[in-house]
Structures are given as C-alpha cells and as structure tokens.
Amino acid sequence: PKVIKLSEYKKPDYLVETIDLVLHLDNTKTLVQSTMKIKRNTDEVTPLILNGEELVLKSIKLNNETYTDYVHSTENHSLTLNKVPAEFTLMIENEINPEANKTLDGLYKSGTIFCTQNEPEGFRRITFYVDRPDNMAKFTTKIVADKKLYPILLSNGNPIARGDLEGGKHFVTWEDPFKKPAYLYALVAGDLGVIKDTFKTKSGRNVALEIYCDKGNENKCHHAMESLKKSMKWDEDRFGLEYDLDIYMIVAVDAFNMGAMENKGLNIFNSAYVLADQKSATDTNFYGIESVIGHEYFHNWTGNRITCRDWFQLTLKEGLTVFRDQEFSADMNSRSVERIQSVMGLRAAQFAEDAGPTSHPIKPATYMEINNFYTATIYEKGAEVIRMIQTLLGVDGFRKGMDKYFELFDGQAVRTEDFIHAMSVANNNFDFTQFKNWYGQNGTPLLKATSKYDEAAKRFTLTLTQTLPANAPKDAKAYHMPVRVGLIDSTGKDIASKVLELKETTQDFVFENITSKPIASVNREFSAPVKLTTDLTFDEQLFLMAHDSDSFNRFEAAQVVSTKLILDLIEDAKAKRTFELNSKYVEAFGKILADNTIDEAFKALSMSIPGEGVLHQEQAEIAYPETEAVRTFVKKTLATAHQDTLVKLYKSIEQKEYKLDPKSMGQRDLKNKCLDLLSYVEGGKYNSLAFDHFKAATNMTDEIGALTTIVHANSVHKDEALKAFYDKWKHETLVMQKWLTVQASASDESTYDAILKLEKDAVYDRTIPNLVRALLGQFVATNKVQFNHPSGRGYKLIADRLLELDKLNPQVASRLASGFKDFKRTPKVLQDLMRPELERIIKTDGLSKNVYEIVSKILG
Ligand code: HT7
Ligand code: ZN
C-alpha cells in the first residue's frame, strides 16, 4: 500500500463550492444524484480527480451536457475527468448498496436504520467527491424514502422542505448554512423514537434538542439530554462559545465503529454512549456518556467551525477536544478523580502504544491508512500537549489564545501550527519554538528528579533531567515541559509550590530560604506526560502517599510504591523464590482503608493495584503468568490482612436511594472494590457476600460489579449468577456486551472454550463492533495470560477471527491486530507461536491496508 506523506501536501486542484444531493433510499440500490458547483484552485489546467469507492457510476453531466471523457478506476478508487473548465456544474448519478456495506463507513444500515459515517474518508463511499477536509462546501440534501418504514429523515443543518410523493414515499430537504468538509456530512432515516428539549443560548436563541433512538429506548435518553444541556452551558461559560444552528440532533445506533461522530448538527452515536438507566447502565457508563456527549458537542467549534487542513492535523481537533471534554468532566464531577482516571487511561493505552511498534508522534509524518491513526496518542497525548500549553500560559492566557484562534481561523481548515500561533500572539508572543517538539517526536520522555539540601545555606536544589526514550527519532531534541513542583515539610505542609519550565537536558532549580529538609513532590497534577523517577526513599514515598496536598501525587505515590514492589516480586516469581509483601506497604494500605477523612472515590482509586498492562510496560521480556500471579498474591495478602476493615467499610456504606452524584458514585465504587478484594481471601470465605450483593443489586454498577467478582474469583456461584444475568438481560445488547466482557476477561483456563461457545450464542453478532470488542477485543486486551497461552491457541483464535472480520470491517480487524503489539517483548517460545500467525495474516490475499499497516509494523 501507498505511504501518504505530510511533506507532500498540495492544496486541492479543484474546490467544490456547493453540493446538492438527492438520495433515493433503498436497501440494496440507493440512487445518489449529486450536483456540484466546482472551481479550479490552481493556475495550471489539470484533470479533475474525484474519490469514489464501491460506487456504481450511472451518468455524468458537465454544465448539463453528457460527459464521456473520463476514467473510472475501481482499483484506484478514483474518477478522473480529463478536461474540465475553470468553473462548472457537475452532475453525477451513482448507485450504492447500503445493506451490503458492513464496513460501517459511508451509508449503511444499522438494523432498520439508514445512517452514515464519513470521517475520515467515508463520503467517497456515497458519491464521487474531492474527499479531503480542506475542501469545504455548502451542502443541501433531499432524502427520498418510503414513508412508513422511514418516517424520520434527517441530515445536517435545517429542514427547508418536506412533502409526500407517489408510491408511499416522502421527502425532506435539509440545508446546512455552514461550509464544511464532507467528513462532517450525515444522513439518518428510520422509524425512530425521540425525546425533545430546548436550550436557550446566552444570546437568547432557542435551540431545539432532539435525541433519536430505537423505539422503546426513549426513557434511556434522559441522561444524554441532560449532559447535552450541561455541555452547551459549559462551553458558553468556560470558552464563550455558543451553538450556531437552531437544531441539534443526536441519533443512537447499535452498529458503529467508534464512540460517536460530530457531524454538523446531527451527531451519530454508538448507542453505548447514549442509552442509560440505573438498571442497565453502570456509573462508568453514565460518566462516559456525559463525557462523549460533551466531546462531540465541543467539536462544533473545535473541529467543525475550525477544521483540519489534512488528516496529519488530526490532533488539532481531537487533542484539543479531548482536553475540553476532560475539563468539562472535571467541572461536572470531581477534578481530582477525573485527573487520576485520565492519567491511568493515558498510561495504560498511550504509554504502551508509544513504546511499541506503532509508536507515532501526535502529528505523524506518514500513514498508510488514516483510520489507524485514531489513536490514544493523537487523542490522549494530544490532550496532554494542550494541557501543557494551558499550564504554561495559565487558564486566562489559554482562554485568550482560544479567543484568538477563533478570531483568526473561524471557517477555515488549518494546521496545528496555526493553533500554536494563536496561542502565542494572544500571550505576548510566547515562544513555543521548542515546545513544538511535542508535535513531531514520538516516545514517552523520561524525567529524573534528584534533590540536594544545603542546611547551612537553607537552600534546596532540585535537579531535573530529561532523557529521550530509545525509540525517539535519532535527531530528537529536548522538550520544553512544565513541571509543577511542591516542597513539603515534615508536618506535611506545602512550603513552596510552582511550575518549573524545563528546557535543557539537565537543569537545576534552586529554592532559597528553606529552613528544614523538605520532600519534593514533582510533576503534580501530572503536568507533563512523562515517566518520572525520583531519588525519594520508600519511606518518603509513603509520606507523600499520606500527606501530599496534591491529590494526584498522593495517588501516584501509592502507585510508585506498589509498582516497585510488584516488579521485585515478579523477579522472585521468575526465580521461583517465595514471595513476601513489604509489611510497611501492607500497613500503609490499611491506613488508607481506615482513614475516615479520605473521600470514598479517592479511597477506591487508591485501592487500585497497578494493571497488568502497566506492569508489562516495565518488563523487557514480559512474564505473563508471573505478573498475574504476583498481582493475585498482592491482592490476597492485602485482603487477608485487612479483611475486617474491608468488611466494615463495605457494610458502612448504605445507599437508600440511587443517586448519580460524585459522592454516591464514589461510594458504589468503593463498595465494589472492597467486595472484589475480599474475594481474594483464601477458601472462598466471602463468596456468599458477593452473591448476596449480586442478588440484592438495584443498579447495574452493583450487579455487574458483583458478577465480575464472582466470575473472576471462580466462585461456586459463577454458573448460577451468569445464567441468572443472561436470563434477565438477554434482550438488551448493551448489557449482554458486559456479560461477554466479564467472561472473556476471566483468566481461567476455561475461558478459551467459553469464547467459542459465546460466539455461537444468539446475543453475539460479529457485524456489530461493540460485540466483537466486548468478546474478542477484551480477550486480547485484558486477558493476557489466556491470549498468550503456551499452546498458542489464543494467537490462532484471534488471527482466524481477524481474517474473517477483515473481509467485513477492516477497521475492527485492525484494532484487533494491534493486540499483537507486544510481539517483540514476548518470551521467545511464545514468539515462535505468534510469528506464524502474524505471517499468515500478512500473506493473506486481499488483506486490507488497515491490517497490513499494523501487522507489518509489529513484525518490524
Ligand atoms: N471524530 C470522530 C472520529 C471517527 C469516527 C467516529 C465514528 C465512527 C468512525 C470514526 N472514525 C473516526 C470521533 C470523535 O473523535 O469524536
Ligand atoms: Zn473527537
């Protein structure tokens, strides 16, 4: 496959000014009539090359005359019009088959609903077009469809006409007043349920809000609606940004490749990020819905009003919008919990990606398949880079930069440099020259902090040293990073707190008038996305764990301590030495459990034992079974030592009614964490506690929490609980996804057979990405021991499924392929089993470029 390079960017030869679409919807033969006003955009006279994939061309007319001087290459996915004037009207008719489209890209059917997904390059599967984001046009759409089957017909903008047609058909015409790239185009048709509301903007306009879903699910849309109104208000308050159309619609569909899509005025969502009620959705689901609703809404300004010049700029809209949604979540919930969760997510997914074969900078220089670049790096590391800009400029300076960004670039398709330019001009020409290294260099930087205290001079010196990781480019340069630091005295009080700007490889930062030896708390709030090491002793870390005023670093200290202990124990396990868990750590853990001044959510987070993925990152050769065994041992030791406290804590939390506020969510999390830890106590002592919790649950957080504990502990109640859950929920696909995940992630030997059986269950459907992710995706990502089974059966199963899926949906297949990313750090005996599977995949005829790109990088 061809490699696309940022350095070869050329502006489009032709621009589409307006496009009027008429779509005659039909399951297998949808007729698309497109009328475009097109203008040449270069001085040279060149052919017009349109993108088009899986389209049946019917006719072409140029300025109303039949046009024949063209080449339609189905192989190159292009339609070349050899000679066209400088300005003209082009009419193209083509046919598509939505029902056969299982890629979920372009126009397709999700159950009975027609819907679209056009980012990044789906529109070319609807009609022939200059399908790139720097081609911005005004769209109108007339949708024609059977009135009974598809009473609701939606597209972007405002409805301007509607009426009945013969043959039981009807039509609605939509006009979007804003110019936009085709990736933001959307269409939906179906017999949908809806809830409606309104939002009054700060300038007093009323915006109609509509959330569509399968009929019968309307009652599950209220949280999404509340989240939408909160998002609209928050963007006005925090960034002064007001919604710009009279209607905002969201449609929930089951067959969807990602979380949601920010199409102008007509967001399309994976139903998992819309539908929720207490009984069927967890607190994590509710939290996720608020955040994704926010994310897509915030794109209206950061993504839609100002879009990307080309797909190399993806982080321009995604990093910035993730930063905005994280800030929104922090303001709506608990700022410290939000920050800890975001960083845990970043570490688990992005740090792993950035250290592996598909590592790339937030602004990549090349790609084969852009769909492979909707990654944790572009999104989450991109958001960290934006956060660093805010830390450097301050919240007010950042806001000024945002205002400037809209003032300079509204309505345009721009680059990350343009964003930085706006931030700089709005802040006395702040020098971002070195900061820009964050955009073009891959790999997680290492930061070392060492300290020196001169008692006589009352001087404390903190030395910060940054090192670039081994996989960084050869010519990589030092980063400009904001490092938030606090100095803490022996009573736990902050005696200094500031943001240090590290620019050199090594820099000394001197603090004067420090009267006693302090402890440095470095990289507070995780101000720079780095891997930090310090010269703090074990006892000093325990001190931070108890006293740091920065909640992130208090959490972090516990992670540092437990990670170090676990990694040492893994060495013991490999050498077949007996294990012993450091008693000071066991004691400190108990203190946190017993401390009534710590709020429940933070306590629950502090109980997290570093995940397998994070621990694997620290190992040159990954010891899969040993890592699992040690994590189990640590949990068992902590649980056994503190079982009375855990039971007391568990029992102390009583919830009379179900509330969705941060406090109540924290309580449920803590209660479930206690239950889970207790399940590690020898002999199944707390099996019945978990089973009772399961049976008494009045909400999904408790129900699935208990089920997970029961299944993962291989409790005597496992089969009964799984069956009861199935019988109760088999008609709700979102809940069945949880049921599949619980089983796929169980590290038990029986999981492999269970997966084969589950694939045949009526609730499973491999054309629905959520189900594939819930079963196979979870198996690969979270069940490291079974995926890396010494027989090689885990590899073979996933390779088989991946090849089957690649024929249907290459995006889903390539996500599965990245599950093999630890190939080079897998022990040799396992590599010898994994390699033939990877080679089998890459040698397959007709393999998608999505999978090819990932597997070729893994094989190196
Ligand atoms: N901007 C969207 C990215 C996207 C996508 C969404 C749904 C289905 C397929 C997709 N491919 C790319 C999602 C977002 O970041 O908001
Ligand atoms: Zn986004």
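Residues numbered from 1 in each chain as written. Chains lettered and ligands numbered in written order. Predicted model: local features only at pLDDT ≥ 70, side-chain atom pairs only at ≥ 80, totals over all residues.

1. Some words on the overall build of the chain
Helix and strand counts for the chain stand at 26 helices and 31 strands. Taking 29 Å as the expected radius of gyration for a compact globule of 860 residues, we find that the chain reaches 28 Å, a close match to that expectation. Oriented by its inertia axes, the alpha-carbon framework of the chain measures out at about 85 × 65 × 60 Å. Taking all 860 residues of the chain together, the buried fraction comes to 51%. Nonlocal contacts in the chain, meaning residues at least 24 apart in sequence, comprise 70% of its contacts between residues at least 6 apart. (Helix = DSSP H or I, 4+ residues; strand = E, 2+ residues; numbered from the N terminus. Rg over C-alpha atoms; globule rule 2.2 N^0.38 Å. Buried ≥ 20, exposed ≤ 12 C-beta atoms within 10 Å, placed from the backbone. Contact = placed C-beta atoms within 7 Å.)

2. A word on the site of ligand 1
Around ligand 1, a shell composed of 13 residues is seen, among which Gln117, Glu119, Asn257, Met258 and Met261 lie nearest. Listing elements by their share of the shell around ligand 1, those giving two or more residues are strand 20 (260-261) and helix 2 (283-298). Grouping the amino acids of the shell around ligand 1 by side-chain chemistry returns five nonpolar, four polar and four charged. (Near = placed C-beta within 6 Å. Nonpolar A, V, L, I, M, F, W, Y, C, P; charged D, E, K, R; others polar.)

3. Description of the nonpolar core
Counting residues in each nonpolar core, the largest one holds 239 residues, and the members touching the most others are Val188, Val251, Ile268, Val274 and Leu775. Counting residues per element, this core draws most heavily on helix 5 (residues 376-409), which supplies twelve residues. In contact with valine 251, other than residues within four places in its own chain, are Cys115, Leu154, Val188, Tyr212, Ile268 and Phe269. (Core = buried A, V, L, I, M, F, W, Y, C linked by C-beta atoms within 7 Å.)

4. Section: the environment of glutamate 628
The residue glutamate 628 is located in helix 13 (residues 624-641) in this model. Exposure remark for glutamate 628: the 19 C-beta atoms within 10 Å place this residue in the partly exposed category. The spatial distance from the C-alpha of glutamate 628 to the C-alpha of asparagine 783 is 9.8 Å, given a sequence separation of 155 residues.

5. Section: the sheet that holds strand 25 (residues 446-454)
Strand order in the open sheet made by the four strands is 29-26-25-31, with mixed pairing throughout. Of all strands in the sheet, those with a lone pairing partner are strand 29 (506-511) and strand 31 (531-534), marking the two edges. This sheet shows a mean twist of 20° between the axes of neighbouring strands, independent of strand direction. Bridge count between strand 26 (residues 459-467) and strand 29: six bridges; the pairing is antiparallel. When the bridges of strand 29 are listed, leucine 462 appears paired with phenylalanine 509. (Pairing = 2+ DSSP bridges. Axes fitted to C-alpha atoms, helices over the stretch in contact; angles between N-to-C directions.)

6. Topic: the packing of helix 15 (residues 662-678) against helix 17 (residues 700-712)
Their axes nearest at 9 Å, the elements helix 15 and helix 17 cross at an angle of 15°. It follows that helix 15 is roughly parallel to helix 17 by the angle criterion. Taken as a pair, helix 15 and helix 17 cross one another with a handedness that is right-handed. Here helix 15 contributes Arg668, Asn672, Leu675 and Asp676 to the contact with helix 17, which in turn contributes Thr701, Asp702, Gly705, Ala706 and Thr709. (Parallel < 35°, antiparallel > 145°, perpendicular 65-115°, else oblique. Left-handed = near helix turned anticlockwise from the far one by under 90°.)

7. What to know about the environment of glutamate 657
By secondary structure assignment, the location of glutamate 657 is in the loop between helix 14 (643-652) and helix 15. Of the residues examined, glutamate 657 has 6 C-beta atoms within 10 Å and is grouped as exposed. Put simply, glutamate 657 and threonine 698 are 41 residues apart on the chain and 9.5 Å apart in space, counted from C-alpha to C-alpha.

8. What to know about the domain arrangement of the chain
Domain annotation for the chain reports domain 1 (4-278), domain 2 (307-440), domain 3 (461-528) and domain 4 (730-860). Computed over C-alpha atoms only, the centres of domain 3 and domain 4 are separated by 41 Å. (Domains from an automatic or database assignment.)

9. Re the sheet that holds strand 13 (residues 152-155)
Strand order in the open sheet formed by four strands is 10-11-16-13, with antiparallel pairing between adjacent strands. Single-partner strands in this sheet number two, and they are strand 10 (106-110) and strand 13. Adjacent strand axes in the sheet meet at a mean angle of 20°, parallel and antiparallel pairs treated alike. Of the strand pairs in this sheet, strand 13 and strand 16 (residues 187-190) are connected by four bridges, and their pairing is antiparallel. Each residue of the ladder has a partner; that of serine 155, found in strand 16, is leucine 187.

10. Focus on helix 15
Spanning 17 residues, helix 15 covers 24 Å between terminal C-alpha atoms, matching the ideal 24 Å at 1.5 Å per step. Counting buried positions along helix 15 gives 14 out of 17 residues, so the element sits mostly inside the fold. (Expected span 1.5 Å × (residues − 1).)

11. Quick look at the pairing of strand 7 (residues 70-73)
Relative to strand 8 (residues 78-81), strand 7 runs antiparallel, the two being bridged by four bridges. Counted as the bridge partner of histidine 72 is leucine 79 from strand 8. In sequence, strand 7 turns back onto strand 8 through a hairpin of four residues, with histidine 77 there showing a positive phi of about 55°.

12. Points about the packing of helix 23 (residues 793-808) against helix 24 (residues 810-817)
At a minimum axis separation of 8 Å, helix 23 and helix 24 run at an interaxial angle of 160°. If you check the angle between helix 23 and helix 24, you find them roughly antiparallel. The element helix 23 and its partner helix 24 pack so that their crossing is left-handed. Taking contact as the criterion, the partners of Ile798, Leu802, Leu805 and Asp806 in helix 23 are, on helix 24, Pro810, Val812, Ala813, Leu816 and Ala817. A class-by-class count of the residues in the contact of helix 23 with helix 24 yields eight nonpolar, no polar and one charged.

13. Here's the deal with helix 1 (residues 222-239)
Because the α-helix completes a turn every 3.6 residues, residues three or four places apart line up on one side. If you check helix 1, its first and last C-alpha atoms are 25 Å apart, about what 18 residues at 1.5 Å a residue would give, namely 26 Å. Residues His223, Ala224, Ser227, Leu228, Ser231, Met232, Trp234 and Asp235 constitute the buried set of helix 1. Among the structural elements, strand 17 (192-200), strand 18 (206-214), strand 19 (247-253), helix 2 and helix 3 (314-332) are those in contact with the buried residues of helix 1. Among the residues trailing helix 1, glycine 240 stands out with phi positive, at a value near 70°.

14. Let's talk about unusual backbone geometry
In terms of backbone geometry, most residues other than glycine have negative phi values and most peptide bonds are trans. For the bond from glutamate 119 to proline 120, the omega torsion is -5°, close enough to zero to count as cis. By secondary structure assignment, the location of proline 120 is in the loop between strand 11 (113-117) and strand 12 (137-146). A positive phi angle, near 55°, is found at glutamate 54, a position not held by glycine. For glutamate 54, the location among the structural elements is in the loop between strand 4 (48-51) and strand 5 (56-62). Take glutamate 54: there are 17 C-beta atoms within 10 Å of it, and that puts it in the partly exposed class.

15. Here we look at the pairing of strand 9 (residues 87-96)
Relative to strand 9, strand 3 (residues 30-40) runs antiparallel, the two sharing ten bridges. By the bridge assignment, lysine 39 is partnered in strand 9 with glutamate 87. Here strand 5 pairs with strand 9 via six bridges, running antiparallel. Each residue of the ladder has a partner; that of isoleucine 60, found in strand 9, is isoleucine 92.

16. Looking at the environment of threonine 127
Looking at the element boundaries, threonine 127 is found in the loop between strand 11 and strand 12. Separated by 67 residues in the primary sequence, threonine 127 and isoleucine 60 place their C-alpha atoms 12 Å from one another. Not counting residues up to four positions away in its chain, the partners in contact with threonine 127 are Val32, Ser34, Leu55, Ile92 and Asn94.

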